[in-house]
Amino acid sequence: MKDIARKFGTSVATVSRALKDSPRISAERRAAIQQYAREHNFAPNMIAESLRNTRVKAIKVIGVIIPEFTHFYFSSVLSGIEEEASARGYRIMVAQSNEQYEREVKICQSFFENKVCGIIVSQAKDTQQYDHFQRLIDAGVPLVFYDRICTGVNASRVVVDDYMGAFNAVSHLVETGCRRVAFYGSPLTLEISKNRFNGYKDALLKHGIRPDEQLMHICDNRADAEAITPDILRMENRPDGFFAVNDDTAIGILYTAKRMGFRVPDDISICGFTNGQQAVACDPMLTTVEQRGVRVGEEAANILIGHVEGTIPRDKMERRIVRTRLIIRGTTR
């Protein structure tokens, strides 16, 4: 604000009033100051304003964006972030994009205005433009992606080995007798979806099975799984195994198969991806790929704090991979 005041030859108080759209400042002067502030990426520090008349020291705050609170995986990542951040003297400010690009953009702007020291984010499913992330980086805000990474932005990221997780899961299905394995996945615009899909295909090819496009479906939630699975199980040459992108989808398949009279795993084998609480709350319990969300969160927080404190250069893109493991339970033979 001092810089803006010098630019216009006025007081900081006048700049403050102009930015707050006070009628005490002429419309022409207000417009000029506001335009200059926008062009130079100025945003008011909400935390500083709230602490202006106190002796309390401003806290170190990390912004965290998750796609949905309801998913066990994202809540476990959040737990890992909070544990690591708290141990190192940081607090977190959490927001949910609800899988919406527009909401994600607004959250990024809000975090920037509140002067968070950095942001940890898993992008929304429908995000295909990345200017809002690039603006943060250009403004000097450290950014770390987890799970759903943005390949169009040069930023640090933490992922699980999605390819090998899927490859090992589908290999297990084939090695225990399945010959027609269906794939239920997220849109292939997401990097994790591509990696899991490629792991699925390569596992089939390694075992001499040609992938069948009729068995590949964009389906990544329980409701959609329950909607499409009946027709798939009525196919003349139906699948005898399913690999799902997450546990929620896998349980939708399990519920539908049992309702239709199929025996799991005698008639149909099912494997998910997450290893959340749902996996042991169904009957039979779900074979799944464990993602280790808490570990992902800890690594993401560790990298971000490293960027903030200078132990990891901000221009260095840190890449970390958390290993998965296959947890075999009752939905596979």
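I will try to describe carefully the structure that is included in this document. (Residues numbered from 1 in each chain as written. Predicted model: local features only at pLDDT ≥ 70, side-chain atom pairs only at ≥ 80, totals over all residues. Heavy atoms only, no water.)

Some thoughts on the pairing of strand S4 (residues 143-146)
Basically, it comes down to this: Type-normalised accessible area, obtained with a 1.4 Å probe on protein chains alone, sets the label of each residue: buried when under 20%, exposed when over 50%, and partly exposed for intermediate values. Helix and strand definitions here come from DSSP, where helices need a minimum of 4 consecutive H or I residues and strands a minimum of 2 consecutive E residues; each element is numbered from the N-terminal end. Criterion used throughout: strands pair if DSSP finds at least two bridges between them. If the strands point away from the viewer and the path from the first strand over the helix to the second runs clockwise, then the crossover is right-handed.
Residues of S4 alternate between two faces, with Leu143 and Phe145 on one and Val144 and Tyr146 on the opposite face, all of them buried. Sheet analysis places strand S3 (residues 118-121) next to S4, joined by three bridges and oriented parallel. For Ile119, the partnering residue across the bridge sits in S4 and is Leu143. Handedness of the crossover joining S3 and S4 through helix H7 (residues 131-138) is recorded here as right-handed. When S4 meets strand S5 (residues 156-160), the two strands line up parallel, connected through three bridges.

Quick look at the environment of Ile327
Stated formally: In what follows, a contact means two residues having at least one pair of non-hydrogen atoms within 4.5 Å.
Secondary-structure assignment places Ile327 in strand S12 (residues 325-327). For Ile327, a relative accessible area of 14% corresponds to the buried category. Distance in space between the C-alpha atoms of Ile327 and Arg238 is 25 Å, their sequence separation being 89 residues. Apart from residues lying up to four places away in sequence, Ile327 is in contact with Asn275, Leu286, Thr287, Thr288 and Glu290.

Structural notes on the nonpolar core
Going by this rule: Grouping buried Ala, Val, Leu, Ile, Met, Phe, Trp, Tyr and Cys residues that are joined through side-chain atoms within 4.5 Å yields what is termed a nonpolar core.
Counting 39 residues, the largest nonpolar core has Val181, Tyr184, Tyr200, Phe242, Phe243 and Ile270 as its most contacted members. Broken down by secondary-structure element, the contributors of at least two residues to this core are helix H8 (162-175), strand S6 (181-185), helix H9 (191-206), helix H10 (222-233), strand S8 (241-244), helix H11 (247-259) and strand S9 (269-274). Among the elements that take part in this core, H8 stands out by supplying six residues, more than any other. The residues touching Phe242, leaving out its near neighbours within four places in the chain, are Leu173, Val181, Ala182, Tyr184, Thr229, Ile232, Leu233, Ile253, Ile268, Ser269, Ile270 and Cys271. Core analysis: the second largest hydrophobic core is formed by 24 residues, Phe74, Leu78, Val296 and Ala301 among them.

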